[in-house]
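Chain by chain, the residues:
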Amino acid sequence: MGVLRRYKELLPVTPSTPDVNLEEGSTPLIPLPRVGARLGIQLYGKFEGCNPSGSFKDRGMVLAVAKALEEGKRALICASTGNTSASAAAYAASAGVPCFVLLPAGKVAMGKLAQALMYGATVIAVRGNFDRALELARAAAERAGLAMVNSVNPYRLIGQRTGAGEVCEALGERAPAGKGLRAPDWHAIPVGNAGNISAYWAGYQEYLKLGKIDKAPRMMGFQAAGAAPLVTGQPCPDPETVATAIRIGNPVSAHLARAAVQESGGEFNSVTDGEILSAQRLLASEGGVFAEPASCAPLAGLVKLKGLGKLPEGITVTMVLTGNGLKDPDTALSSLEQSGGARPIEIGDTEEELMRVLEGRR
Ligand SMILES: *Cc1c(COP(=O)(O)O)cnc(C)c1O
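Residues numbered from 1 in each chain as written. Predicted model: local features only at pLDDT ≥ 70, side-chain atom pairs only at ≥ 80, totals over all residues. Heavy atoms only, no water.

Time to look at the environment of Ile-345. If you trace the backbone, Ile-345 turns up in the loop between α14 (329-338) and α15 (351-361). For Ile-345, a relative accessible area of 48% corresponds to the partly exposed category. When the C-alpha positions of Ile-345 and Val-357 are compared, they lie 8.2 Å apart, and in sequence the two are 12 residues distant. Among residues more than four places away in sequence, those in contact with Ile-345 are Val-357 and Arg-361. (Helix = DSSP H or I, 4+ residues; strand = E, 2+ residues; numbered from the N terminus. Buried < 20%, exposed > 50% of the residue type's maximum accessible area, 1.4 Å probe, protein only. Contact = heavy atoms within 4.5 Å.)

Turning our eyes to something else, we now look at the domain arrangement of the protein chain. Annotation of the protein chain at the domain level lists domain 1 (3-55 + 156-338) and domain 2 (57-153). Centre-to-centre, using C-alpha coordinates, domain 1 lies 22 Å away from domain 2. Taken together, the contacts link 46 residues of domain 1 with 36 residues of domain 2. When domain 1 packs against domain 2, close to 3,400 Å² is buried across both sides, 54% of that on carbon and sulfur atoms. The largest contributions to the domain 1 side of the interface with domain 2 come from Val-20, Arg-156 and Lys-327, which together make up 25% of the buried area. (Domains from an automatic or database assignment. Buried area = accessible area lost by both parts, 1.4 Å probe.)

Attention now goes to the site of the ligand. Taken together, 17 residues lie around the ligand, and Lys-57, Asn-83, Asn-193, Asn-196 and Thr-322 are the ones closest in. Lys-57 is positioned with one of its side-chain polar atoms (N or O) 2.6 Å from an oxygen atom of the ligand. For the ligand, an oxygen atom lies 2.8 Å from a polar atom in the backbone of Asn-193. Across the complex, the protein chains shield 96% of the 380 Å² of accessible surface that the ligand would expose by itself. The class makeup of the residues in the shell around the ligand is 7 nonpolar, 8 polar and 2 charged. (Near = heavy atom within 4 Å. Polar contact = N/O pair within 3.5 Å; in protein donor to acceptor, adjacent residues only side chain to side chain. Areas by Shrake-Rupley, 256 points an atom, 1.4 Å probe, with all protein chains shown as cover. Nonpolar A, V, L, I, M, F, W, Y, C, P; charged D, E, K, R; others polar.)

Taken together, the 6 strands give an open sheet; going across it, the order is β1-β2-β10-β7-β8-β9, and neighbouring strands pair in mixed fashion. What marks the edges here is a single partner per strand, and that holds for β1 (29-31) and β9 (267-271). With direction set aside, neighbouring strand axes in the sheet form an average angle of 25 degrees. Those strands touched by helix α12 (residues 273-287) are β8 (218-224), β9 and β10 (316-321), and its axis lies near 95 degrees from that of β9. (Pairing = 2+ DSSP bridges. Axes fitted to C-alpha atoms, helices over the stretch in contact; angles between N-to-C directions.)

Okay, the nonpolar core next. Counting 53 residues, the largest nonpolar core has Leu-76, Cys-99, Ile-197, Tyr-200 and Tyr-204 as its most contacted members. Elements represented by at least two residues in this core include exactly α1 (3-6), α3 (57-70), β3 (76-79), α4 (83-95), β4 (99-104), α8 (162-174), α9 (195-209) and α11 (254-264). When residues of this core are assigned to their parent elements, the largest contribution, 8 residues, is made by α3. Viewed by domain, this core spans two of them, domain 1 (3-55 + 156-338) and domain 2 (57-153), each represented by three or more residues. Leaving out residues up to four positions away in the same chain, Tyr-200 has contacts with Lys-46, Glu-48, Gly-163, Ala-164, Val-167, His-187, Ile-189, Met-219 and Val-320. Residues Ala-224, Cys-296, Leu-299 and Leu-305 belong to the second largest nonpolar core, which totals 33 residues. (Core = buried A, V, L, I, M, F, W, Y, C linked by side-chain atoms within 4.5 Å.)

Moving on, we get to the sheet that holds strand β6 (residues 147-148). What the 4 strands build is an open sheet, ordered β5-β4-β3-β6; its pairing is parallel. Strand pairing shows two members of the sheet lacking a second neighbour, β5 (122-126) and β6, which therefore form its edges. Taken together, the 5 bridges between β4 and β5 define a ladder with parallel strand orientation. Bridging from a neighbouring strand, Leu-103 pairs with Ala-125 of β5.

Below, the discussion takes up the pattern of salt bridges. Tallying each qualifying case throughout the model produces 16 salt bridges. Residues joined in a network through salt bridges with shared partners are Arg-6, Lys-46, Glu-48, Arg-59, Glu-166 and Glu-169. (Salt bridge = Lys/Arg side-chain N within 4 Å of Asp/Glu carboxyl O.)

Below, the discussion takes up the packing of α8 against α9. The axes of two packed helices give the description: the angle between them and the distance between them. One way to put it is that α8 packs onto α9 with a least axis distance of 7 Å and a crossing angle of 55 degrees. Taken together, the axes of α8 and α9 are oblique relative to one another. In this structure, the crossing between α8 and α9 has a hand that is right-handed. Residues Gly-163, Ala-164, Gly-165, Val-167, Cys-168 and Glu-169 of α8 form the contact with α9, whose own contacting residues are Tyr-200, Gly-203, Tyr-204 and Tyr-207. In terms of residue class, the contact of α8 with α9 is made up of 6 nonpolar, 3 polar and 1 charged. (Parallel < 35°, antiparallel > 145°, perpendicular 65-115°, else oblique. Left-handed = near helix turned anticlockwise from the far one by under 90°.)

So, in structure tokens, the structure goes:
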């Protein structure tokens, strides 16, 4: 069941809201016992890469698009580091409306660009960074009467809250008592435009108010060192990081994210590109989950905090693995290359050659 139906009591869905649905949400909370053991914690990854367009953006996009159609809007526009455009383009295709996406030229992972084009969006590459593309999209939405589906659209964040409830349900099912809902001790999440951390916090707060959980987690936000305005406290005019999904210098939802971290007793931390790529390899090779670089900032952060003696022993931590690793194979392959890691071993077509490789590897 898609997000609009599954969560209709929690969402502003009315009888006249169109039933937009790509069966988004209900993503798995994957246990990561080997990685958790290294860190001395119970570690889980909420694998949002299982959403239809391969990122968490679908949870909010489905609501934003449904409400835009309900309000009579007939075309969508967004600025994107990649995943918002893939998601918007997918829902626009499903609903049969045009979609315009503004991307920072040359700074979008190939898989995401391929998605937007395949779904049939008009892709406009802006020679400027994401923050500038967002300003342009906002101005154009205003002038042309288009539905703006960036996370400045309030429905995006409302839809994204649904992830928090799913985390609590899944942890509840795994708890020894086996009943009820349970929040993690820490909720670790990458922060770009800062919408998702704000949405998860709102989701946990909602469940707390409804009495479904008895405590909310600490919200631990992780940014890339080259794009860390919430860590430094200053907008970053020239954001740069291999984690393109969080290459954002002036987060739209900074105020909400600061409140989430403050109210929950959490923290913002930054991690270097090297730490992110190393966490990405660790998550894949010891977790069995291939997530895109931005999604691995939280794991990089946990590793770093562990090294600093700041990761409490035995706590339960959920990380939001925000996007699928398949979206950006170039970065993954060059990271393996640079770390002296795996590459294909080419052989002739004889059994002997094959056996030599197998014996050398056991
Ligand atoms: C959008 C995105 C983020 C950042 O989320 P914000 O809500 O902008 O903070 C992180 N990871 C991935 C894969 C994304 O697509």
